[in-house]
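Here is what each chain is made of, one letter per residue.
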2 protein chains.
Amino acid sequence: MNTIECIKSRSSVRSFKQDEVSEKLVEEILDAAIRAPSAGNVQDWEFIVVRNREVKARLTEAAWGQGFISQAPVIVVVCSNVRKISDAYGERGSSLYSIQDTAAATQNMMLAACDKGLGSCWVGSFNEGKVKEVLVLPAHVRPVAIVPVGFPASEPRKSQRKSLGEVVHKDFY
Amino acid sequence: MNTIECIKSRSSVRSFKQDEVSEKLVEEILDAAIRAPSAGNVQDWEFIVVRNREVKARLTEAAWGQGFISQAPVIVVVCSNVRKISDAYGERGSSLYSIQDTAAATQNMMLAACDKGLGSCWVGSFNEGKVKEVLVLPAHVRPVAIVPVGFPASEPRKSQRKSLGEVVHKDFY
């Protein structure tokens, strides 16, 4: 798919077919994720690919019961290795670059998923402590996004956007 | 350009031709930016498009003298309207979603730029207070990325990536 078309057609998918998502497809979208830029090329991202039914159920619980998460055949939990980025950049690393690097990777992954006919949804609302417990993350690895991935069960609803005029300024605010 | 090809070929450009970047092209990459997902579709992003020579010079100063910034014909400063996102989501909004939403928009913008033959670079290292002063940003609008944009003067160097094996885990860490 053409890049601009892909960027414009991507939208949040919260309803998935039970069709298997192959290892190869998951690898392809993760390979897109790691092409994102990161501060000083530190690449502080880590990805937990969850297919285990019980782990999926526990992730849904940790995300305040958002049921569509565990219905996806695969869930990718995007994490930042906060130690890596704060070793390089201190507080700005852990509070800003850590989140930006992994967000850019997440967006790449979701665009690649869309390009492959997959649907996904960026879930940011969850109990971080519980997710760390479920995935046995070490203290220095922070989960920043839960992304269920699968083939869309229905045409997703496009959400509205403000016009450029409302959010763009010239030279000054 | 094909999405995956675009994701893989994008890399940081720090050297620009002086060729003009049309208003239309800038609009197209900003239109890609605002197609990013955002928490609750709050769209807390704002963009300052800088072409004024003096403002560009002052932004370079605020970014510790990284000279390539002011050499770009256009600079897009990506900001988060932190009040909007914290009104909706409190502290998690201002410290996490604010940064994720604008990072996803920045990544979309840089991919669209690459698709159009433009080069760009994600600059995260700058004095936020100074940038706010230069762009006359209100207190609740935080600059999170400075992105110089222009036609590349030379073939950018591709940075290396860790292998997937180093950053991907199955079911647990």
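Here we come to the interface of chain A and chain B. Counting residues at the interface gives 70 residues for chain A and 70 residues for chain B. Counting the surface lost from both chain A and chain B, the interface buries some 6300 Å², and carbon and sulfur atoms represent 55% of this. Where chain A meets chain B, there are six salt bridges. For lysine 170 of chain A, the salt bridge goes to glutamate 23 of chain B, with nearest N and O atoms at 3.3 Å. At the level of elements, α1 (3-9), α2 (23-33), β1 (45-50), α5 (82-115), α6 (128-135), β4 (141-150), α7 (164-167) and β5 (168-170) of chain A are the ones that each hand at least two residues to the side of chain A that touches chain B. With 14 residues, the top contributor of residues to the side of chain A that touches chain B is α5 of chain A. Residue composition of the side of chain A that touches chain B, by class: 37 nonpolar, 15 polar and 18 charged. Sheet topology note: the β1 of chain A/strand β5 (residues 168-170) of chain B ladder contains three bridges and is parallel. When the sheet's bridge partners are listed, phenylalanine 47 of chain A is paired in β5 of chain B with valine 168 of chain B.

Further remarks concern the nonpolar core. The biggest cluster of nonpolar side chains holds 84 residues, and the ones touching the most others in it are Leu30 and Phe47 of chain A together with Leu30 and Phe47 of chain B. Those residues in contact with leucine 30 of chain B, other than ones at most four positions away along the chain, are Leu164 and Val168 of chain A together with Phe47, Val49, Val76 and Met109 of chain B.

About the thresholds
- Residues numbered from 1 in each chain as written.
- Chains lettered and ligands numbered in written order.
- Predicted model: local features only at pLDDT ≥ 70, side-chain atom pairs only at ≥ 80, totals over all residues.
- Heavy atoms only, no water.
- Contact = heavy atoms within 4.5 Å.
- Buried area = accessible area lost by both parts, 1.4 Å probe.
- Salt bridge = Lys/Arg side-chain N within 4 Å of Asp/Glu carboxyl O.
- Helix = DSSP H or I, 4+ residues; strand = E, 2+ residues; numbered from the N terminus.
- Nonpolar A, V, L, I, M, F, W, Y, C, P; charged D, E, K, R; others polar.
- Pairing = 2+ DSSP bridges.
- Core = buried A, V, L, I, M, F, W, Y, C linked by side-chain atoms within 4.5 Å.
- Buried < 20%, exposed > 50% of the residue type's maximum accessible area, 1.4 Å probe, protein only.

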